[in-house]
Amino acid sequence: MCGIVGQFRQTGPVDRERLATAVSRLAHRGPDDQGLHLAGSVGLGHTRLSIIDLGGGHQPLQAADGALTLIANGEIYNFLELRAELEGLGHRFRTHSDSEVILHAYRQFGDGFLDRLQGMFAFALHDAGHDRLILARDRLGIKPLFLAERPDGISFASEIKGLLPLLEAPPAIAARGLAEYLQNQFATGTGTLLQGIERVRPGEAVWVEAGRIARRQRYWSPLAVRPREIGYEDAARDFDRLMETVIVQHMRADVPFGLFLSGGVDSAVLLAQLSRYRAEPIRTYSVGFPGTALADELPAALAMSRRFGSRHREIRPDSRAIFETLPLTVWAADELMRDNANLPTSLLAQAAGEELKVVFSGEGGDEVFAGYGRYRGSRWERLLKGWLAPGSGGFRTRGSFRDPWPGRLFRPPLLEQLAAARQPVVDAWRGTPPDWSDLQRMQAIDLAQALPDNLLVKADRMLMAWGVEGRVPFLDHRLVEFGLSLPDRLKISGRDGKHFLRRWAARDLPEDHLRGRKRGFHVPMGEWLDAGFLARLQALLPEHRLLDPWFRPEGVRTLIGHCHDTRQGPTLLWAIVQFALWRHFLEEGFARRPDARTHPLDLLEESR
């Protein structure tokens, strides 16, 4: 797990000092090593978190003849199998790094080399002989990659904070991206909240020639998955073999690893599988919220730890500690998204980072095997929602800010974009294959949008802020293809979601755990909005320059005064507070990392 950054200029050499600054902004992603490669108009930078080949995996990596240079972030899980194949074809390796197979696969298989890689990755490969740079991102978007195409050339980085030093001028805020954030919790697709900065999409490769984008290719898409008719017994046999392969490959590391253990099914399944293939106890970590009104999952997690004999650690932060984690999570997320689970995830990552470098987690299980309640709405409910908001079969029809709040809060540049905020869902729904069920369509939309642009931002950035690599086996593309192809009856049975996985896991997990109510990571955000905090916020936020020109001061003032009058009030208010914090960091170029515990209003005071 690492950070990558680079530039391919149209004319003139890359500025070494700027590139070094960009690398320094990504030091948290790779605290073990740094490297630069400059070759005229191309510059590549790398920060390394050493996981495999601790002594020999320095990057940038070069082919023996110097014609190919690589910087990579992530893990190639099938590197042993692919390396053996390539050695049989005459290739000679210089390191034991998993990343080196990318160089040899490109040389052996040409443009089709991406189909041979199984893993989570984002990389840049410079082919000096063809004056070409290839940027690629893994199939599900587990690893991030941003790029900016400007008149002087192409710049790219793992995080926006690493990209900013390479740009001639600070980017402006994009109204469309901000509208998507406010309504949907995140901006999605190629667009971000910053004009001119875009994401490389999951499963996409970008060919850059002479400092310009020559072509873009989606080498994998969930839309290529075909539904199949299969019974449980046959599906279970297939899954047995597939899960064994995935788990064994994901366990490859030259450092210890652990597991984030919630009270849910997915992490318990992973604990059972990891324990099966590892002799020593797995290190597990759970978080709870003592002193709040929320029930936590610590008892269920502890029961699973005892069942499988893990070395378990419970994190029990007080309410103030959770609250004061907010600024760091906004800084770490880099692209603005408001998943409250960032806070406990950051605290878990901090604790895990004190002991190890790799942590498994259960992200993806709900999307792949249809665990969310939103997949199980009644036909009549979805018909009504679809009538009120056409275009997506009644799925994801409502934004966070509903009448009368948009008119009260948003100024014209933002109001004008609200209608477009839902368009990505509509476009994705209409783009699915005609032989798919509505359930498959819902899964695919979440796999393409909410997963890479929200949940996986949390899984990557919160961990990397503490120098920890996250591994998510349920998002191995082979498991995704398996789950998405299953018939609906194996995913949902009555009111039971994730039916196949629960039934399959019954061999390892007790019935009461498999049937427990899904809670997720809920954080007591509303409880922090007490009278003292609101009074200070009322004096500080409505007229704050960081909200200009997007929000109406009188509307913000009204929202603060009435935030507890409606269920959504705290959610709306925190969305605006987080935007203000994010803009504070943006103005600094994300150059200054906040302390692990920082009162958010102290930062807003500082920015007045």
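Below is a short write-up of the structure. Just so you know, these numbers come straight off a predicted model, no measurement behind them.

### Here's the deal with the pattern of salt bridges
Then, number 1: Evaluation of the coordinates by the stated rule reveals 57 salt bridges.
Then, number 2: Residue arginine 478 pairs with aspartate 476 through a salt bridge whose shortest N-O separation is 2.8 Å.
Then, number 3: Exposure remark for aspartate 476: the relative accessible area of 5% places this residue in the buried category.
Then, number 4: Connected via shared salt-bridge partners are Arg29, Lys143, Glu159, Lys161, Arg199, Asp334, Glu335, Asp453, Asp460 and Arg461.

### Topic: the side chain of threonine 598
Then, number 1: Considering the arrangement of structural elements, one finds threonine 598 in the loop between α24 (569-587) and α25 (600-606).
Then, number 2: For threonine 598, the side chain forms a polar contact with the main-chain oxygen of aspartate 595, separated by 3.1 Å.
Then, number 3: Sequence-distant contacts of threonine 598, that is, excluding residues within four places in its chain, are made with Glu324, Pro327 and Leu603.

### Notes on the sheet that holds strand β12 (residues 212-218)
Then, number 1: The strand order β4-β5-β6-β7-β11-β12 describes an open sheet built from six strands, whose pairing is antiparallel. Because the sheet does not close on itself, it has two edges, and the strands there are β4 (61-62) and β12.
Then, number 2: Where strand β6 (residues 119-127) and strand β7 (residues 132-137) come together, six bridges link them in antiparallel fashion. Across the sheet, leucine 125 pairs through a bridge with isoleucine 134, a residue of β7.
Then, number 3: On the sheet, helix α3 (residues 100-109) packs against β4, β5 (68-76), β6 and β7 and is oriented at approximately 120° with respect to β5.

### Regarding the sheet that holds strand β2 (residues 33-39)
Then, number 1: Read from one edge to the other, the open sheet built from six strands follows the order β2-β3-β1-β9-β8-β10, with strand pairing classed as antiparallel. Each of the sheet's edge strands pairs with one partner strand only, and the pair in question is β2 and β10 (197-199). Within this sheet the neighbouring strands show an average axis-to-axis angle of 15°, counted without direction.
Then, number 2: Here seven bridges tie β2 to strand β3 (residues 42-48), and the two strands are oriented antiparallel to one another.

### With respect to the pairing of strand β11 (residues 204-209)
Then, number 1: For β11, the tally of buried residues reaches five of six residues, placing the bulk of the element in the interior.
Then, number 2: Both β7 and β11 contribute to a ladder of five bridges, which runs antiparallel. Within β11, the position partnered with leucine 133 by the bridge is valine 208.
Then, number 3: In this sheet, β12 lies alongside β11 in antiparallel orientation, the contact comprising six bridges. From the neighbouring strand, tryptophan 207 faces β12, where its bridge partner is arginine 215.

### Remarks on the nonpolar core
Then, number 1: The biggest cluster of nonpolar side chains holds 95 residues, and the ones touching the most others in it are Phe113, Phe123, Leu475, Phe500 and Trp504.
Then, number 2: Among the elements that take part in this core, helix α6 (residues 232-250) stands out by supplying eight residues, more than any other.
Then, number 3: Dropping the residues within four chain positions of it, phenylalanine 113 is found in contact with Ile102, Ala105, Tyr106, Phe123, Leu125 and Ile134.
Then, number 4: Grouped together as the second largest cluster of nonpolar side chains are 94 residues, Leu193, Ile197, Leu541 and Ala575 included.

Cut-offs used in this document
Throughout this description, residue numbers start from 1 for each chain and increase along the sequence as written. Totals for whole chains, interfaces and linings use every residue, but because this is a predicted model, local features are given only for residues with pLDDT of at least 70 and side-chain atom pairs only at 80 or more, for both listing and counting. Side-chain calculation: all heavy atoms of the structure are included, whereas hydrogens and water are not. Throughout this description, the term salt bridge denotes a Lys or Arg side-chain nitrogen within 4 Å of a carboxyl oxygen of Asp or Glu. Relative accessibility under 20% of the residue-type maximum defines a buried residue, over 50% an exposed one, and the middle range a partly exposed one, all with a 1.4 Å probe and only protein chains included. Only DSSP runs of H or I with at least four residues qualify as helices, and only runs of E with at least two residues qualify as strands; both kinds are numbered from the N terminus onward. Here a polar contact means two N or O atoms within 3.5 Å. Within protein one must be a hydrogen donor candidate and the other an acceptor candidate, and residues neighboring in sequence count only if both atoms are side-chain atoms. Pairs of residues are marked as contacts when any of their non-hydrogen atoms sit within 4.5 Å. The pairing criterion for strands is at least two bridges between them, as found by DSSP. Structural elements are reduced to axes, namely lines fitted to C-alpha atoms, with helices fitted over the stretch in contact, and the angle between N-to-C directions of any two is expressed from 0 to 180 degrees. Take the buried residues of types Ala, Val, Leu, Ile, Met, Phe, Trp, Tyr and Cys, join any two whose side-chain atoms come within 4.5 Å, and each joined set is a nonpolar core.

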